[in-house]
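# Structure assessment
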Amino acid sequence: MTKRTKSDIKFVGLHAHSVAGSIFDAIGYPQAHMDFAYENGCEALALTDHGNMNGLAYQVLHAKKMQEAGKEFKPIFGCEAYFTPSIADWRDAYEQAMADKKRARSIKKDAQSGATVEDEGNSKQVQDILRRRRHLVLLAQNQTGLNNLFKLVSESYQPENFYRYPRIDYALLEKYNEGIIASSACLGGVYAGNYWENREEGSEAVLESMRESTRRMVDIFGDRWYAEIQWNNIKEQHELNQYVIQVAEEFGVSLVSTADSHYPNPDAWKDRELYKRLGWLGSKLPEWATTQLPLSVEELGMELYPKNGDQMWESYKHYSA
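Since this is a predicted model, take the numbers as computed values, not measurements. (Residues numbered from 1 in each chain as written. Predicted model: local features only at pLDDT ≥ 70, side-chain atom pairs only at ≥ 80, totals over all residues. Heavy atoms only, no water.)

Along the polypeptide, Ser-254 turns up in the loop between helix 9 (235-251) and strand 7 (255-257). Remark: the alpha-carbon pair of Ser-254 and Asp-223, spanning 31 residues in sequence, is separated by 8.0 Å. The contacts of Ser-254, once residues within four sequence positions are left out, are Tyr-226 and Ala-227. (Helix = DSSP H or I, 4+ residues; strand = E, 2+ residues; numbered from the N terminus. Contact = heavy atoms within 4.5 Å.)

Set out below in structure tokens:
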């Protein structure tokens, strides 16, 4: 039996992706992520795949197997939803755009896409209102929260809410927030959207936009709203972290640090990079997909596996300087 890694700092990964639900963005089934997290000294791990909860059955069944083998491990059920502030406002913009016949052809083509493959580059930039979506991490706090997560995911796929991606908005969160913990996610997240949309206007514009998002989320979730920060070698991530920390302090919102894991062990980073590129075969390749695969994880500038507390602390020291 492999000896478990001992970590002096307790840590639970609350943002993680698997191949079961994050198509062409993550590798490894939930079982592999759970096994590594356990052997790496963790006692729990959340699964937050993009726009769905397809990995939940894997989590439940494997947790039972782990328990039967004497391995106490808690699966946390969640989703990284696609969020837009108001689907009603989007609908108005959509109908106006449809009045333009030339633009309508492009819009209809977008709307018919059923493959919700995460476009990592597009999520980290300014977006037209019709294509706008931001990531939002949602975690089930209890059975009521799990039931509400199921409802949110189901609603997001309804024709009136689905456009290129399954989407939720403030109205749906107000209706189905009980028992759910939420966080602001990554460089494609809610706070990141405030950053991308306002960075050219200066720091105060970014902060004021983030304050408005915080007011709305705190009104809905109360102390179940968390400001998420991550650690990597991306300039914009460092800038975003500073804004997030400032706004969290202003509003008394708690911070949560995540690894945003996308592969089940440290050695699988190159496999995930190749898998991401395979998702673009047959379509116009984005710039990042045409470059040579990085030669090392250091060149890549991020480590996206289920880390323990000591490894998260080392990431903070390594990437925050």
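Here the narrative resumes.
What follows concerns the side chain of His-62. Mapped onto the elements, His-62 comes out in helix 2 (residues 56-68). The class for His-62 is buried, based on a relative accessible area of 13%. Ignoring sequence-local partners within four residues, the contact set of His-62 consists of Gln-31, Met-34 and Asp-35. (Buried < 20%, exposed > 50% of the residue type's maximum accessible area, 1.4 Å probe, protein only.)

In this section: helix 10 (residues 269-278). Since the α-helix advances by 3.6 residues per turn, residues separated by three or four positions end up pointing in the same direction. Buried within helix 10 are the following residues: Trp-269, Arg-272, Glu-273, Tyr-275, Lys-276 and Arg-277. On its buried side, helix 10 packs onto helix 11 (297-300).

Taken as a whole and assessed by the stated rule, the structure comprises 16 salt bridges. When the shortest N-O distance is used, the salt bridge between Glu-208 and Arg-215 registers 3.5 Å. On the basis of relative accessibility, which here comes to 36%, the residue Glu-208 falls in the partly exposed class. Of the charged contacts in the structure, one is a salt bridge between Glu-239 and Lys-235, with a shortest N-O distance of 2.5 Å. In this pair, Glu-239 and Lys-235 both sit in helix 9, 4 residues apart, roughly one turn of the helix. According to the relative accessible area criterion, Lys-235 is exposed, its value standing at 54%. Beyond isolated ion pairs, a larger network of salt bridges with shared partners links Glu-204, Glu-208, Arg-211, Glu-212, Arg-215 and Glu-250. (Salt bridge = Lys/Arg side-chain N within 4 Å of Asp/Glu carboxyl O.)

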